[in-house]
Each structure stands twice: as C-alpha cells, then as structure tokens.
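Letter by letter, the chains look like this.
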Amino acid sequence: MPQPGPPATRLRRLATPLGILATVTAAFAYVGTVDPNEPGHYPVCPLLKITGAFCPGCGGLRSAHAFIHGDLGTAFSANAVATTGYFLFAAVWVLWLVRAWRGQPPRIVLAPVWWWSIGALLLIFTVVRNLPFGSALAP
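Residues numbered from 1 in each chain as written. Predicted model: local features only at pLDDT ≥ 70, side-chain atom pairs only at ≥ 80, totals over all residues. Heavy atoms only, no water.

Caption draft 1: Representation of the packing of aromatic side chains. The tally for this structure, following the rule as stated, stands at 5 aromatic pairs. Ring geometry for Phe 67 and Tyr 86: centres 4.9 Å apart, planes at 55°, overall tilted. Pair noted here: Phe 67 is in helix α3 (residues 60-68) and Tyr 86 is in helix α5 (residues 80-102), with a separation of 19 residues, a long-range link. The exposure class of Tyr 86 is buried, given its relative accessible area of 16%. For the ring pair Phe 67 and Phe 87, a centre distance of 5.4 Å and an interplane angle of 80° mean the geometry is edge-to-face. Placement of Phe 67 in helix α3 and of Phe 87 in helix α5 is noted, with a sequence separation of 20 residues between them. For Phe 87, a relative accessible area of 47% puts it in the partly exposed group. (Phe/Tyr/Trp six-rings, centres within 6.5 Å; stacked < 30°, edge-to-face > 60°. Helix = DSSP H or I, 4+ residues; strand = E, 2+ residues; numbered from the N terminus. Buried < 20%, exposed > 50% of the residue type's maximum accessible area, 1.4 Å probe, protein only.)

See below:
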C-alpha cells in the first residue's frame, strides 16, 4: 500500500474531492433555498416544453429540494432515479475521498455491461414514466 506522504501532498490529493463536495453542497443549498415548486425560478425542461414528454431528469430539482428538506418520500416520487443517484453519489464520493487519503488512484472502473445496463434502465424509466400505467413515476 502506498505511503500517505507529507501533509501537503495529502492535502493536494484531497483538494479535488473536497472541491466537488463544496460545489455539490452549494448547489443543493441553492435548490434547498429557492423552491423549484414555485414557477419562474428555474427554466422549464426543453424536452418537456417541446414534446410534452418527461425526460429522465424531469422532477430532479423538486426531488433535490425535498431531499435537502428531509422529505425522502416526496423526493423519491418527484424523481426516483435522481434520489437514488444522490445516495450513489455519496457512496462514490466517500470511496474517492478514502482512496485519495490513502494515496491510491481514484479510479472506479465499470465494465461496459454496467454502462449499457445503466443506459437501458434510464431508457426504460423514461418510457414507463410517460405511459399511463407509469404515471406514479412522473414528477
């Protein structure tokens, strides 16, 4: 296992994951403060505006707003994929931070089958949330 190195080196390795955390925290703080449920604060999804169909991200801001206020049920009903993504992001970020602390490369490699599976799940989610029987997944 690589040695941790001097404190300056460790701090340099931690700068990027901590910078990403600061940026995500600022974004969530803004969405938590400026309610996306009130019209006029955020632009409308272009796909929704043009076609009337929900994209996989539709409801993501409302989901983030509910999530930051601790209402996981509302967050999940606004956008189940986004809410799941918040927890996935947190897990990957912690792994990244631990690896940076230890001086290990931050690589997380996924086989192509995982990327295709994620794409297929997003496509299925998008199609189902736009069908009458999948209205529970619509924002």
